[in-house]
Amino acid sequence: MGGKIFVIQSDDSLQSLIEQEFATEDDFQTLLEKYPDLLPGEQINQASPRRWLLVSREFGVPDTEGGSDRWALDHLFLDQDAIPTLVEVKRKSDARLTGSRREVVGQMLDYAANAVVYWPVEKLRAVFEASFSHVEEANQAIAQLLETPPDTANVDEFWLRVGTNLQAGRIRLIFVADHIPLELQRIIEFLNYHMNLVEVFAVEIRHFVGEDKQGQPLKTLVPQVIGATALTPPKNSGGRLKESWDYEKFFARLAEKHDTQQVEVARSIYEWAKGKMEVAWGSGGRDGSFTLRCNADGKRHSPLSLWTTGHVSMQFQYMKAPPFDEATRLVLLDKCNAISGVNLPKDSINRSPSFMLSALTQPGALTQFLETLDWMLSQVEQPN
């Protein structure tokens with residue numbers, strides 16, 4: 001430890017913050033409970049940043065069917081795809097982190113191996129709903145996670161997907177610490193690379209403290225995902241070997257995950273693009289994609305990607321050269337948001353926000369979106 005970061009204050013003075021260990025592990029855990037975004041979802045999955053819903057802290061894990069809890073997991077989260085995410089927190093001073101890394105890893109694998117067998121989804125739902133005054137509040141939290149209106153059918157379907165993911169062993173393991181030793185990083189990279197359905201990551205959260213000129217405390221937290229990219233063979237952020245996608249594979253996978261209407265919407269966008277834009281197929285291991293590209297003023301732009309997850313990603317971050325200046329990107333954002341069911345953040349014109357294909361299944365929505373894409377191409381075709 002002992003590093004520094006610097007804050008430029010409103011009077012243009014430079015204030016240094018000193019790196020400091022968390023006082024207790026409970027302090028560390030409480031921060032994650034209060035601020036789940038400290039698990040940086042955009043680093044875990046750039047195409048579809050993860051959003052988090054806390055089920056509970058100190059979630060019990062039994063080792064027999066119907067048995068009492070043998071262990072207590074620090075945090076159990078769910079993401080928007082209903083994937084259970086098991087989180088364990090350690091401080092740098094914990095001897096198990098700096099010394100016997102096998103104990104830390106073995107502990108997490110114990111939790112995972114028993115959770116997928118002995119966690120009934122009914123227990124997860126009951127514990128989650130018990131943390132709210134009313135079930136309606138719990139359902140509202142799930143609706144916010146899914147970015148959909150509150151609906152009993154959607155909530156029931158979400159919990160069904162949680163159970164399906166548990167039965168399939170489709171989970172995520174995250175080690176959180178204020179310092180991730182290199183040796184632990186190597187183990188996590190190995191597991192993430194070789195485990196088929198399970199994602200394994202570490203999140204290093206560095207903690208910096210200081211005071212402003214009035215003596216008021218300042219605190220900064222800097223999270224970084226570790227464990228997704230160091231191995232040499234190509235793989236995506238989920239730790240799967242890459243595969244080359246094409247039209248048949250993409251739409252077959254999309255049909256496995258989504259209804260006919262959404263598949264037809266994706267086909268319509270693909271058919272619209274043919275002859276107008278370059279279609280580039282992705283190579284993700286877990287999910288497939290295709291990206292629509294165009295050229296202007298000698299620059300390649302990649303404005304749009306569709307994913308087998310059902311996400312439509314507007315790639316504003318790859319549209320910063322002319323003709324896509326900030327004003328043009330804002331107009332494009334507004335045109336997208338004029339479509340019912342699409343609500344991209346106003347501050348996302350330098351990022352890659354996404355919305356669901358299902359929004360384009362509403363009457364007139366697909367036509368409106370294709371007209372928006374026509375407008376976008378008209379900007380490319382305008383003479384300088």
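As the structure is a prediction and not an experimental result, all values here were calculated from the model.

Caption draft 1: View of the packing of aromatic side chains. Across all of its chains, the model carries 18 aromatic pairs by this definition. Taken together, a centroid distance of 5.0 Å and an interplanar angle of 65 degrees make the contact between phenylalanine 128 and phenylalanine 132 edge-to-face. By relative accessible area, phenylalanine 128 is classed as buried at 1%. Assessed through its relative accessible area of 26%, phenylalanine 132 is described here as partly exposed. Seen in terms of ring centroids, tyrosine 270 and tryptophan 281 are 5.9 Å apart; in terms of plane orientation they differ by 35 degrees. Their pairing is tilted. Pair noted here: tyrosine 270 is in helix α10 (residues 260–273) and tryptophan 281 is in strand β9 (residues 278–281), with a separation of 11 residues, a long-range link. Tyrosine 270 gets classed as buried once you look at its relative accessible area, which sits at 13%. Exposure remark for tryptophan 281: the relative accessible area of 26% places this residue in the partly exposed category. Among the aromatic side chains, those forming a connected cluster through ring pairs are Tyr247, Phe250, Phe251, Tyr270, Trp281 and Phe290. Across from the ring centre of phenylalanine 251, 4.7 Å away, lies the NZ or CZ of arginine 267, which sits over that ring.

Caption draft 2: Looking closely at the pattern of salt bridges. For the structure shown, the criterion picks out 22 salt bridges. Put simply, arginine 125 and glutamate 129 hold a salt bridge, and the shortest N to O gap is 2.9 Å. Linking arginine 125 with glutamate 129, this pair stays in helix α5 (residues 121–130), spanning four residues, or about one helical turn. Classification of glutamate 129 as buried rests on a relative accessible area of 18%. Here lysine 276 ties to aspartate 374 by a salt bridge, and the two come within 3.3 Å at their closest N and O atoms. Of this pair, lysine 276 sits in the loop between α10 and β9 while aspartate 374 sits in helix α12 (residues 365–381); the two residues are 98 residues apart in sequence, bridging distant segments of the chain. According to the relative accessible area criterion, aspartate 374 is partly exposed, its value standing at 37%.

Caption draft 3: Expanded view of the nonpolar core. Core analysis: the largest hydrophobic core is formed by 42 residues, its most contacted members being Leu86, Trp119, Phe158, Trp159 and Val162. Ranked by residue count, the leading element in this core is helix α4 (residues 101–118), at six residues. Those residues in contact with leucine 86 that lie beyond four places of it in its chain are Leu73, His75, Leu76, Met108, Tyr111, Ala112, Ala115, Trp119, Arg172, Leu173 and Ile174. With 41 residues, the next largest nonpolar core counts Leu254, Ala296, Phe316 and Met319 among its residues.

Caption draft 4: Broad picture of the side chain of asparagine 165. Among the secondary structure elements, asparagine 165 is positioned in helix α7 (residues 152–168). We classify asparagine 165 as buried; its relative accessible area is 6%. At 2.7 Å, the side chain of asparagine 165 and the backbone oxygen of alanine 82 are in polar contact. The contact partners of asparagine 165, leaving out residues within four places of it in the chain, are Asp81, Ala82, Ile83, Pro84 and Arg170.

The rules behind the values
- Residues numbered from 1 in each chain as written.
- Predicted model: local features only at pLDDT ≥ 70, side-chain atom pairs only at ≥ 80, totals over all residues.
- Heavy atoms only, no water.
- Phe/Tyr/Trp six-rings, centres within 6.5 Å; stacked < 30°, edge-to-face > 60°.
- Buried < 20%, exposed > 50% of the residue type's maximum accessible area, 1.4 Å probe, protein only.
- Helix = DSSP H or I, 4+ residues; strand = E, 2+ residues; numbered from the N terminus.
- Lys NZ or Arg CZ within 6 Å of the ring centre and 35° of its normal.
- Salt bridge = Lys/Arg side-chain N within 4 Å of Asp/Glu carboxyl O.
- Core = buried A, V, L, I, M, F, W, Y, C linked by side-chain atoms within 4.5 Å.
- Contact = heavy atoms within 4.5 Å.
- Polar contact = N/O pair within 3.5 Å; in protein donor to acceptor, adjacent residues only side chain to side chain.

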